[in-house]
Amino acid sequence: MRRFAALCSAGAMALLLSACGGGQYRPVRDVPVKIGPPYTVRGVTYTPAADPGYDMLGYASWYGSESGNRTANGERFRPGWVSAAHVSLPLPSYVEVTALDTGRTIVVRVNDRGPFSGRGRVIDLSRGAAEQLGVRAQGHAPVRVRLVDPPEKDRARLRKGKAARARATVPEATLRKLRAQLAAAGL
């Protein structure tokens, strides 16, 4: 009986401590999908919207010091997880991010809003996603970001903070074309 009381006390203590740490985070799941109303940051208004054909060239940056903060999706931000922030895609969304320097491609779960600074930035990767893509040391890197609908197995892994299955590297000829498009856009 004492052991049961001790376990109950430990559980109650954990519950109390979680409340002190901000608690009340939304569980990591894919429903409901949140689009949200337009919002303004630093004088710029962003309008979230569903965009099934989203395919954008630009730059990725990464963030990681916000550990424990709440994402725009209401989940706890975990810097080591494979996640990202985007200014307008529904939350959550899944995107394929390709590093234009290396051709390496990963799938990332978007559960936050950003980036809000830097010309041409189209996505903020978590530290874990930046490491997986191989761009953490750079700080920011040229990328292609496409909305994708990965298999449930990959979604489940990403909901747990793990990497989705490995994807094929993009051929150099395709990368040259994408880099030329990025340069032609003045980025």
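Before reading further, recall that the structure is shown in the block above.
Attention here is on the structure that accompanies the text. Small disclaimer: the values here were computed from a predicted structure and weren't measured.

### A word on empty space enclosed by the protein
No. 1: Under the counting rule described, the total for this entry stands at 1 cavity of 30 Å³ or more.
No. 2: Quantified by volume, the largest cavity comes out at close to 80 Å³.
No. 3: Lining the largest cavity, in full, are Val28, Thr71, Glu75, Arg76, Phe77, Arg78, Trp81, Val82, Ser83, Arg109, Asn111 and Leu158.
No. 4: Tallied by class, residues from the lining of the largest cavity come to 5 nonpolar, 3 polar and 4 charged.

### Considerations on the sheet that holds strand β8 (residues 140-147)
No. 1: Taking strand neighbours around the barrel as the criterion, the 6 strands line up as β3-β7-β4-β6-β5-β8 in a closed arrangement whose pairing is mixed. Between one strand and the next, the sheet's axes are offset by a mean angle of 45 degrees, whatever the strand orientation.
No. 2: In the sheet, strand β4 (residues 83-85) pairs with strand β6 (residues 105-112) via 3 bridges, with the strands oriented parallel. Directly across from Ala85, in β6, lies its bridge partner Asp112.
No. 3: Helix-sheet contacts for helix α4 (residues 172-184) involve β3 (55-63), β5 (93-99) and β8, and the interaxial angle to β3 is about 85 degrees.

### Observations regarding the nonpolar core
Nonpolar side chains in soluble globular proteins tend to end up buried together.
No. 1: Membership of the largest hydrophobic core comes to 27 residues, with the highest contact counts inside it found for Val97, Val108, Ile123 and Leu125.
No. 2: Ignoring any residue separated from it by four or fewer positions in sequence, one finds Ile123 in contact with Tyr59, Ala60, Ser61, Ala84, Ala85, Val95, Val97, Pro115, Val143 and Val145.
No. 3: Counting residues in hydrophobic clusters, the runner-up holds 7 residues, among them Leu57, Leu175, Leu178 and Leu182.

The rules behind these values
Along each chain, residue indices are assigned from 1 in the same order as the chain's sequence is written. Local features in this predicted model are restricted to residues whose pLDDT is 70 or higher, and side-chain atom pairs enter the listing and the counts only when it is 80 or higher, whereas totals over whole chains, interfaces and linings include all residues. Heavy atoms throughout the structure, all of them, feed into the side-chain values; hydrogens and water do not. The rule is simple: put a 1 Å grid over the protein atoms alone, call a set of points where a 1.4 Å probe fits but cannot get out a cavity, call an open set with protein on both sides within 12 Å along at least five of seven lines a pocket, and count a residue as lining if it has an atom within 4 Å of a point. Grid points are joined across faces, edges and corners, and a volume is the space filled by probe spheres set on the points. The residue classification treats Ala, Val, Leu, Ile, Met, Phe, Trp, Tyr, Cys and Pro as nonpolar and Asp, Glu, Lys and Arg as charged. All others, Gly included, are polar. Any two strands with at least two DSSP bridges between them are considered paired. In this description a helix means any DSSP run of H or I spanning at least four residues, a strand means any run of E spanning at least two, and both kinds are numbered starting from the N terminus. Only the stretch in contact is used when a helix axis is fitted, and all axes are lines through C-alpha atoms; the angle between N-to-C directions ranges over 0 to 180 degrees. Whether two residues are in contact is decided by their heavy atoms: any pair within 4.5 Å suffices. Nine residue types can take part in a nonpolar core, namely buried Ala, Val, Leu, Ile, Met, Phe, Trp, Tyr and Cys, and a core is a set of them joined through side-chain atoms within 4.5 Å. Only protein chains enter the calculation, and the probe is 1.4 Å; a residue is then buried if its accessible area is under 20% of its type maximum, exposed if over 50%, and partly exposed in between.

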